[in-house]
Number of protein chains: 2
Amino acid sequence: MLKLAILGFLHDRPLHGYELRRHLAALTGHVRPISDGTLYPAIKRLESDGLLVRSTEPGAAAAPRHTLRLTDAGRATLLDRLRTPDDLDVSDENRWFTVLAFLRHLDGEPAAQAAVLRRRLAFLDEPASFFYEGDRPVGAEEATDPFRRGMLLIARATTAAERDWLRTTLAELDRSV
Amino acid sequence: MLKLAILGFLHDRPLHGYELRRHLAALTGHVRPISDGTLYPAIKRLESDGLLVRSTEPGAAAAPRHTLRLTDAGRATLLDRLRTPDDLDVSDENRWFTVLAFLRHLDGEPAAQAAVLRRRLAFLDEPASFFYEGDRPVGAEEATDPFRRGMLLIARATTAAERDWLRTTLAELDRSV
DNA sequence: CGACCATACCTCGGAGTCGAGATATAGCAA
DNA sequence: TTGCTATATCTCGACTCCGAGGTATGGTCG
């Protein structure tokens with residue numbers, strides 16, 4: 001997902017590592033900021049895969065900055081990823097939000113965008129329960145402790161809100177196909 | 001967090017690995033089920049740390065089962081973790097839910113439970129924005145594409161629902177101190 | 001009887017991630 | 001001048017994690 005996020009940000013405009021770090025910190029930041037030891041190796045991987053190139057620009061700032069820009073392959077990889085919902089991990093809040101953040105890059109392809117949303121909707125419609133007592137799931141009403149009850153209530157509210165948004169947005173996308 | 005979850009489940013009653021796997025799949029399952037290659041090494045780590053012991057019971061089922069039970073050190077480690085909110089990563093949805101799932105083990109310590117909830121509430125009250133355009137954050141109303149707007153709307157709804165629950169639960173806990 | 005599935009556990013290689021630290025410059029303040 | 005902070009990048013070891021595979025046994029179905 002870090003890979004997707006990097007490609008996603010660079011699709012807007014070239015950035016150097018430090019700027020990218022700030023963008024990533026905002027996106028994932030309230031969740032878990034990535035460290036330098038994660039970011040810079042990830043950049044190198046993408047570079048050696050030919051998905052981005054760097055151009056060193058000295059003088060500008062304190063330390064020499066490496067401006068990163070997507071190659072055509074990088075741009076294609078990003079869009080291909082978004083176009084194949086089955087390969088996207090839509091089951092994790094954080095990963096899903098990363099997808100959502102860059103789905104706009106598929107502009108002009110409302111059907112492809114809708115397919116991604118539909119996949120998430122299908123996932124949300126799967127019945128989920130967090131706990132089992134023996135063989136049967138524990139619902140929000142049955143949980144005797146306030147904390148597990150809270151979990152289930154919050155999850156329910158969250159899911160409902162997202163499902164609403166998904167449905168209305170899907171309706172709009174379908175109209176524009 | 002896997003460590004916390006294993007200790008948390010074993011606090012209720014001894015389980016063998018396969019049962020534990022099922023419980024973990026339910027808890028994290030709608031997010032990302034853990035694999036055997038993660039679970040069994042984790043069990044071994046906890047074992048060699050002296051936090052749990054295994055007793056092999058042959059005959060019962062197909063393959064020999066290893067029943068896992070917490071040691072006193074294991075139980076103490078679990079409770080200590082929960083009692084020190086500063087050490088808990090409360091900023092990630094998944095991790096936070098794991099904490100919430102086992103906070104009931106601090107029964108009889110409403111003040112300690114409240115401290116954990118307060119930490120989460122403080123985190124939620126921090127202003128968060130996912131995107132920057134240059135230097136200024138992009139709000140839900142400003143986002144021109146429906147997807148980033150959706151992210152921000154969903155995040156807002158989620159946060160509001162959880163904040164409500166946190167406040168009412170905190171009020172109840174404070175009454176019982 | 002053989003095929004198959006669920007139970008039950010383990011190992012290995014490869015990859016990603018983190019934290020801590022190293023390096024360097026520019027600018028500002030004491 | 002010394003020191004601090006922000007900019008900007010990189011490396012290293014340790015650890016965790018995953019996927020793929022391997023090894024068993026017991027039960028069910030045809």
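Criteria and thresholds
- Residues numbered from 1 in each chain as written.
- Chains lettered and ligands numbered in written order.
- Predicted model: local features only at pLDDT ≥ 70, side-chain atom pairs only at ≥ 80, totals over all residues.
- Heavy atoms only, no water.
- Helix = DSSP H or I, 4+ residues; strand = E, 2+ residues; numbered from the N terminus.
- Buried < 20%, exposed > 50% of the residue type's maximum accessible area, 1.4 Å probe, protein only.
- Contact = heavy atoms within 4.5 Å.
- Axes fitted to C-alpha atoms, helices over the stretch in contact; angles between N-to-C directions.
- Parallel < 35°, antiparallel > 145°, perpendicular 65-115°, else oblique.
- Left-handed = near helix turned anticlockwise from the far one by under 90°.
- Nonpolar A, V, L, I, M, F, W, Y, C, P; charged D, E, K, R; others polar.
- Phe/Tyr/Trp six-rings, centres within 6.5 Å; stacked < 30°, edge-to-face > 60°.

## Brief notes about the environment of P64 of chain B
Residues and elements named next belong to chain B. Looking at the element boundaries, P64 is found in the loop between β2 (52-57) and β3 (65-70). Take P64: its relative accessible area is 53%, and that puts it in the exposed class. When the C-alpha positions of P64 and I34 are compared, they lie 22 Å apart, and in sequence the two are 30 residues distant. Every residue in contact with P64, bar those within four places of it in the chain, is listed here: T56 and E57.

## Some details on the packing of helix α1 (residues 2-12) of chain B against helix α2 (residues 17-29) of chain B
Residue and element names in this part refer to chain B. Orientation of α1 relative to α2, taken along the N-to-C sense of each, is 120 degrees, at an axis distance of 10 Å. The angle between α1 and α2 places the two elements in the oblique class. When you trace α1 past α2, the crossing you get is right-handed. On the side of α1, the interface is formed by L2, A5, I6 and F9, while α2 contributes L20, H23, L24 and L27. Here the contact of α1 with α2 is composed, by residue class, of seven nonpolar, one polar and no charged.

## Details of the packing of aromatic side chains
The description of an aromatic ring pair uses the distance of the two centres, along with the angle that the planes make with each other. Considering all chains together, one arrives at six aromatic pairs over all chains under this definition. A centroid spacing of 6.2 Å and a plane angle of 45 degrees characterise the contact between F130 of chain A and F131 of chain A, whose relative ring orientation is tilted. Across this residue pair, the class does not change: F130 of chain A and F131 of chain A are buried. For the ring pair F130 of chain A and F97 of chain B, a centre distance of 6.2 Å and an interplane angle of 50 degrees mean the geometry is tilted. Separated into two different chains, F130 of chain A in the loop between α6 (110-125) and β4 (132-133) and F97 of chain B in helix α5 (residues 93-102) make up a pair that spans both.

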